[in-house]
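Structural features, examined
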Amino acid sequence: MLTNQRARSSIVPLVVGLAGVGVGLVAGFLAGAKPLYLYLVLLAVPVTVFFFARFEQTVLGLLILRTSLDPFSAQQIPAAFAVGLDALTLLYVTVMLLVGRSVRTDSFWWFLVGWVMLQGLWVILLPIGGLGLDGSFLPEAIREWVRLFTWVMVYLLVMQLKDRLPPEKVISSLFLALVIPIAVALIQIFLPSLLPPFLGAGDGRIRGTIGHPNGFVTLLLLFIGLTFWKLNQSRQRLPWLLLLGLLVLCYVSTKSLFGLMMLSVFVLVVIAPRLSPVTLIGGMLLVTLVIGLFASSEYGQHRLTSIANTPLLNPDIDISRAILLSQGDMNSFNWRLSQWNLILNRWQYYPIFGYGLGLSIPVAGNGAYPHNDYLRALVEGGIVGFVTFLVFLAAQGVRLVQLMRSAPRGSAKRNLCSIMLAVFLSMPVAMITENIWSHTTLFFYWMILMAIAGWDWNDLGSTKSTVSVSP
């Protein structure tokens, strides 16, 4: 027994020592290549130390930090953060297994692992000529796969907090991730001249610290849902009501038309199980208020009136004419029809496996996403990839329904799952006209919540799904 303990205790210094050698080698290379990356590597050393010494606090800090990184995308900071988070998670899991401790997982995490591994098939097929594009696009495909892999690592990392921290405390901590984005958003609304260009909103649409207003609006919807959940759980409702109003103000100021559609679906799903005159009127008032605020601006009026010049509301304009009009009428709806037509035509040349993971922009050839995630999945992965995309979406819906049904009625966990289901059901609707799949920050926090929703909220000593190595 003593020998085993000594063996285990010697493993940690060995792993840390090897990691130190690796850091030294990488730092030496980056000193002459990318000085900025050298600073990041040097910063990773104290972060790693704190990661093992103060695990819970460091993990929460990393989760909160993610919303503040997008302004530095040109310097590849978000990508470096993702790779670093992946490395930290893998290092932690390795150490835990080597010392014979448990690594917490659940059935949905194993599904995520299998699904992301399957997406690697398109990375493998690309350089060997099995797809519509050649191996010169391999870096873009790998980057997209790493983005998906990070979702798996985030889920796994959050699972290690299970039974260490109460789920309500972890979710409450996530609200700190709103501080900087909302502060920047308020300055963008009221004092835009004070912000540097990389944080400004030159087109009149606010984006907080997120790269695009559309990415900001989906993140806001997720936190609007969490705020609504906290509002129903807390005895002191005034602070959460004020926060809800602040989030709605920022939500409207993004001037994202598809955001109105997402909010309408969210409200409908939330009030449907508890439909009553009060909830119906409240939901209608909220949606009406948001639409009214949206339409009060000149930009919002332009977006709403532009729908009248599309096949959706004008019977005199068919799809072919709308595509022709899109060349000069500056109508985003007609432009989308043109983009979808282009993507479908390109897909027909490689219908089975498509062109490659994350390569819809080079396939289109005009520097734009498809603005339809179903067509994006189709052109990138072909019919096979499209099916896996639908399976991924369906699995999340099934998981949430299962968790909701297994939780006691009126419990905090059941209410959270119902809110998450409402947010989730708005995503496939928005995917018809928007690039929700590219909203990395949204899915980062979504996977955090998916992991927490699977915890045993009321029984911290319940049976756990673990992976361990016996001593």
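Everything below is about the structure shown above.
Attention here is on the structure that accompanies the text.

**Some details on the overall build of the chain**
Within the chain, the regular secondary structure consists of 19 helices and two strands. Taking all 471 residues of the chain together, 49% fall into the buried category. Once local pairs closer than 6 in sequence are excluded, the contacts in the chain between residues at least 24 apart make up 73%. For the chain, the exposed surface amounts to about 22,100 Å²; the carbon and sulfur share of it is 68%.

**Focus on a nonpolar patch on the surface**
A grouping of Leu118, Leu121, Ile352, Phe353, Ile383, Val384, Val387 and Val391 is seen on the molecular surface, where their side chains present a nonpolar patch of about 580 Å² in accessible area. Top contributing element to the nonpolar patch by residue count: helix α17 (residues 373-406), with four residues. Checked against the element boundaries, Val387 lands in helix α17.

**Structural notes on the side chain of Arg104**
Within the secondary structure, Arg104 is located in strand β1 (residues 103-105). Relative accessible area serves as the criterion here: at 19%, Arg104 is assigned to the buried category. Side-chain polar atoms of Arg104 contact the backbone oxygen of Lys162, separated by 3.4 Å.

**Details of the packing of aromatic side chains**
Following the criterion strictly, the structure yields 27 aromatic pairs and no others. Consider the rings of Tyr350 and Tyr355, whose centres lie 5.1 Å apart with planes at 70 degrees: the pair is edge-to-face. On the accessibility criterion, Tyr350 (38% relative accessible area) is partly exposed. Given a relative accessible area of 7%, Tyr355 falls into the buried group. Grouped by ring-pair contacts, the aromatic residues Trp115, Trp151, Tyr374, Phe389, Phe392, Trp437 and Phe443 constitute a single cluster.

**So, the packing of helix α6 (residues 138-159) against helix α19 (residues 440-453)**
The N-to-C vectors of α6 and α19 enclose an angle of 35 degrees; their axes lie 8 Å apart at closest approach. Crossing handedness for the pair α6 and α19: right-handed. Along the contact surface, α6 presents Arg147, Trp151, Val154, Tyr155, Val158 and Met159, while α19 presents Thr440, Phe443, Phe444, Met447, Ile448, Met450, Ala451 and Ile452. The residue inventory of the contact of α6 with α19, partitioned by class, reads twelve nonpolar, one polar and one charged.

How each quantity is defined
- Residues numbered from 1 in each chain as written.
- Predicted model: local features only at pLDDT ≥ 70, side-chain atom pairs only at ≥ 80, totals over all residues.
- Heavy atoms only, no water.
- Helix = DSSP H or I, 4+ residues; strand = E, 2+ residues; numbered from the N terminus.
- Buried < 20%, exposed > 50% of the residue type's maximum accessible area, 1.4 Å probe, protein only.
- Contact = heavy atoms within 4.5 Å.
- Areas by Shrake-Rupley, 256 points an atom, 1.4 Å probe, with all protein chains shown as cover.
- Patch = residues over 30% accessible without salt bridge, like charges linked within 9 Å, V, L, I, M, F, W, Y side chains within 5 Å.
- Salt bridge = Lys/Arg side-chain N within 4 Å of Asp/Glu carboxyl O.
- Polar contact = N/O pair within 3.5 Å; in protein donor to acceptor, adjacent residues only side chain to side chain.
- Phe/Tyr/Trp six-rings, centres within 6.5 Å; stacked < 30°, edge-to-face > 60°.
- Axes fitted to C-alpha atoms, helices over the stretch in contact; angles between N-to-C directions.
- Left-handed = near helix turned anticlockwise from the far one by under 90°.
- Nonpolar A, V, L, I, M, F, W, Y, C, P; charged D, E, K, R; others polar.

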